[in-house]
Each structure stands twice: as C-alpha cells, then as structure tokens.
Amino acid sequence: MFKIGPYSIDTPLVLAPMAGITDAPFRSLCRKMGAGLAVAEMVTADQSLWHTRKSRLRLPHEGEQEPRMIQIAGGDPQMLAEAARANVDLGAQIIDINMGCPAKKVCRKAAGSALLKDEKLVADILDAVVKAVDVPVTLKIRTGWSAKYKNAVTIGKLAEESGIQALTLHGRTREDRFRGEAEYATLAEVCQTISIPVIANGDIDSPEKAAWVFQNTDAAAVMIGRAAQGRPWIFSQIKAWLEDGIKQPDPDAASLYQLIAEHLTGLYATYGEYMGVRIARKHFGWYLQQAELSQWRKSFNLLETPDQQQELLAEILQPLTQPFANSA
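Residues numbered from 1 in each chain as written. Predicted model: local features only at pLDDT ≥ 70, side-chain atom pairs only at ≥ 80, totals over all residues. Heavy atoms only, no water.

Turning our eyes to something else, we now look at the overall build of the protein. From N to C terminus, the protein includes twelve helices and 13 strands. Whereas a compact globule of 328 residues would reach a radius of gyration of roughly 20 Å, the protein reaches 20 Å, a difference of no more than 12%. By principal-axis analysis of the C-alpha atoms, the protein measures approximately 60 × 45 × 35 Å. Within the protein, the proportion of its 328 residues that are buried is 56%. Pairs at least 24 residues apart make up 67% of the contacts formed inside the protein by residues separated by at least 6 positions. Per element, the accessible surface of the protein, about 14,600 Å² overall, is 50% carbon and sulfur. Across the protein, the mean location of the 36 positive side-chain charges is 7 Å away from that of the 38 negative side-chain charges. (Helix = DSSP H or I, 4+ residues; strand = E, 2+ residues; numbered from the N terminus. Rg over C-alpha atoms; globule rule 2.2 N^0.38 Å. Buried < 20%, exposed > 50% of the residue type's maximum accessible area, 1.4 Å probe, protein only. Contact = heavy atoms within 4.5 Å. Areas by Shrake-Rupley, 256 points an atom, 1.4 Å probe, with all protein chains shown as cover. Lys, Arg positive; Asp, Glu negative; His and termini not counted. Charge placed at Lys NZ, Arg CZ, Asp CG, Glu CD.)

Rendered as structure tokens:
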C-alpha cells in the first residue's frame, strides 16, 4: 500500500498514462486486472483546444473508480493551474503534471521533458498548480534531459518543497526517448533523498522485473506502460508474484475471449460504432500478438462493424476454448 494525499492505494501497481491507449475502457479493464491506480490520458493545459471530440471524451472523470487521476501537460504556470482547476471541476481527484513526455511535438512547445532544462520554470509550475487546487498534485519526470544533464534529484527536491504528493520517475533521459534500457540507480538516489512516494517507471514488463525494482530501490510503487498493451493481465501476474510468489499463467482461451469481448464492447460504447471499430483494431492487434495469433490481424482490420469484429473474435478463440479447458 502507498498513499497519495488522502488516498490509500491498496496495490502498488499503476497503469501509466498513454495517449490514445489509456482511455476509460482500458483503465477500467486494468483496474479489474489488478492495477491499484490507472492514470488517464494526458490532456493539454490549453483549454482552447478542449473543443475537439478527442478532448471531450478524455475530460469527463465522474463515474470512474476512485481515485480518479488525470495528467495535464503544458509549459505556462498559470495555464496549467487553470487546467488543473477545470479538471477538478470535471471530477479529477489527483492532478498529475507531465514533465516526462519525450515526444517532439510536446517538447517543441516547451512542455513535457523539455521543462527539465529550466528548473526555475519547473518550480514556478509546481507552485502554481499546487496552490490552484485542493486535491493532491503529483509529478512525472525523466532522469534528466541527457546523459550529461541528469537532474532528477534536484527536481525531486523541488517537487517535495512545492507540496507535490508523489513523484513518478521514468528511468531514461529525454534524449534516450525509449531507446536502450531504463536505469534505476538514479531512482534509488531520488528515493533516498526525498520522503514523498516515488513511483518507478520504465521497462517493467514482468513480475520478476517488478520484484527486482522493489528490492533494489525504495520505490513505493511501479508504473506499467507499454507492457500492458494487449496484456492487461500483467497486473494480476505481478500482484500474484509479489504477494504469494505464484507464477500466474496467461489467461486461457475462454478467459481471453471474455476479456477481449468486454474491452471491445467498452470501446464501442465510449466512441460509437465508427470510431470504436477503428480504435479496437490496434488493441486487438496487441492481443493477437500476445496470443501468437497475428495472422488474423489483417482480416480484423478490414472489418467495419462491431458485430463483424465480435464474430471474428469468436471464430478465432472459441474453437480454442475446449482444448484449453481440457488441459487445465
């Protein structure tokens, strides 16, 4: 268990915010699979851009499992403060500030990990957002801008002094993007320096890796991102390993069928038939890859209706159900 402000998170496993991926249906599924906390997709602090259909779907937060955590991105302290207030009005219970995104389109606007270059601006942003809202504010960063400019310890101290309630650290620099391996020596140093909870992020893709991170750092929790794509059950597998030392297998065909069918239904309900079908394609592709059934991906991507997608799902997995059941 770890705490963010008044919220006790029973399981120290967090779903990372990923644009275009961690929408409401996926967050709900990962929570069901064992994630203690699921962070909503990043939204821009520029409210003039909130009129788009994509933003309108991301912004309402009421009705989801608590605590509801939303991530905002931008480079202007006042704009971020106003965005934080607006998200709280929409039901957010924890505000996370993004200073970790390495995407060029974000960094070009002096947001995301680009902010790590300007520690004075970082301090101004943190102070403005913390003072703007009555809910906990958290921060996500990288180890620094480049291998020669790692300042995660300094930023961690600034965060704690500003009233930030938890810090997530991705074990790469902005320059690394997602190349190479994440390192955890910097995270361990940050954990030893500050007293607020530190959440470890980067390359945590198995129960064994999660256990290693906990054993070799003082991290309060681990955050799972890309490893959950097409594999939301990774949370239950990590939880089983950490709590009971049990190596939990991947879901059998019957369980996988039910899980994917539920996910697809949630996408159709959230986005409508036209967009739901299209968004389902990428998620289904990840599921097929995990199940070593990638040969079906092209066929699925040609389908145009929810019924067609659900029928192909049944065609692929239902014949596998009986053999899986017999071998259990």
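Picking up where we left off.
Another aspect to go through is the packing of aromatic side chains. All chains considered together, the criterion is met by three aromatic pairs. Judged by centre distance (3.7 Å) and plane angle (20°), the ring pair of Phe-284 and Phe-300 falls under stacked. Residue Phe-284 is located in helix H10 (residues 253-290), and its partner Phe-300 is located in helix H11 (residues 297-301); the two are separated by 16 residues in the primary sequence. Judged by its relative accessible area of 1%, Phe-284 falls in the buried class. (Phe/Tyr/Trp six-rings, centres within 6.5 Å; stacked < 30°, edge-to-face > 60°.)

A few words now on the packing of helix H6 (residues 152-162) against helix H7 (residues 185-193). H7 packs onto H6 with a crossing angle of 30° between their chain directions and a minimal axis gap of 9 Å. By the angle between their axes, H6 is roughly parallel relative to H7. The element H6 and its partner H7 pack so that their crossing is right-handed. Counting all contacts with H6, which are made through Ala-152, Val-153 and Lys-157, the residues of H7 involved are Thr-186, Glu-189, Val-190 and Thr-193. (Axes fitted to C-alpha atoms, helices over the stretch in contact; angles between N-to-C directions. Parallel < 35°, antiparallel > 145°, perpendicular 65-115°, else oblique. Left-handed = near helix turned anticlockwise from the far one by under 90°.)

Before going further, it helps to examine unusual backbone geometry. Of note, the amide linkage connecting Glu-66 to Pro-67 takes the cis form, showing an omega dihedral of -5°. For Asp-203, which is not a glycine, the phi torsion comes out positive at approximately 65°. Locating Asp-203 in the fold gives a position in the loop between strand S12 (198-201) and helix H8 (207-216). Under the relative-accessibility criterion, Asp-203 is labelled partly exposed at 23%.

Bringing the pattern of salt bridges into the picture now. Tallying each qualifying case throughout the model produces eleven salt bridges. One salt bridge connects Glu-183 with Lys-150, and the closest N-O pair in it is separated by 3.0 Å. Within this pair, whereas Glu-183 is found in the loop between strand S11 (166-170) and H7, its partner Lys-150 is found in strand S10 (residues 149-150), the two being separated by 33 residues in sequence. Note on Lys-150: relative accessible area 42%, which makes it partly exposed. For Asp-203, the salt bridge identified is with Arg-172, shortest N-O distance 2.8 Å. Of this pair, Asp-203 sits in the loop between S12 and H8 while Arg-172 sits in the loop between S11 and H7, placing them 31 residues apart in sequence. Owing to a relative accessible area of 2%, Arg-172 belongs among the buried residues under this scheme. (Salt bridge = Lys/Arg side-chain N within 4 Å of Asp/Glu carboxyl O.)

Okay, the packing of helix H1 (residues 24-32) against H10 next. How two helices sit against one another is set out by the angle between their axes and by the gap between those axes. For the pair H1 and H10, the least separation of the axes is 12 Å and the interaxial angle reads 50°. By the angle class used here, H1 and H10 are oblique. On the side of H1, the interface is formed by Pro-25, Phe-26, Leu-29 and Lys-32, while H10 contributes Leu-259, Glu-262, His-263, Gly-266, Leu-267, Thr-270, His-283 and Tyr-287. Looking at the contact of H1 with H10 residue by residue, the class counts come to six nonpolar, four polar and two charged. (Nonpolar A, V, L, I, M, F, W, Y, C, P; charged D, E, K, R; others polar.)

As for its placement among the helices and strands, Ala-211 is situated in helix H8. For the pair Ala-211 and Lys-239, spaced 28 residues apart in sequence, the C-alpha to C-alpha distance is 9.8 Å. Excluding its chain neighbours within four sequence positions, the residues that come into contact with Ala-211 are Trp-241 and Leu-242.

The α-helix advances 3.6 residues per turn, and as a result positions three or four apart in sequence lie on the same side. Relative to the 18 Å expected for 13 residues at 1.5 Å per residue, helix H3 (residues 77-89) spans 19 Å between its end C-alpha atoms, a close match to the ideal helical length. When we look at burial in H3, the residues that qualify are Pro-77, Leu-80, Ala-81, Ala-83, Ala-84, Ala-86 and Asn-87. On the buried face of H3, the contacting elements are strand S5 (43-44), strand S6 (69-73), strand S7 (94-99) and helix H5 (119-132). In the segment just after H3, Gly-91 is the residue with positive phi, at about 115°. (Expected span 1.5 Å × (residues − 1).)

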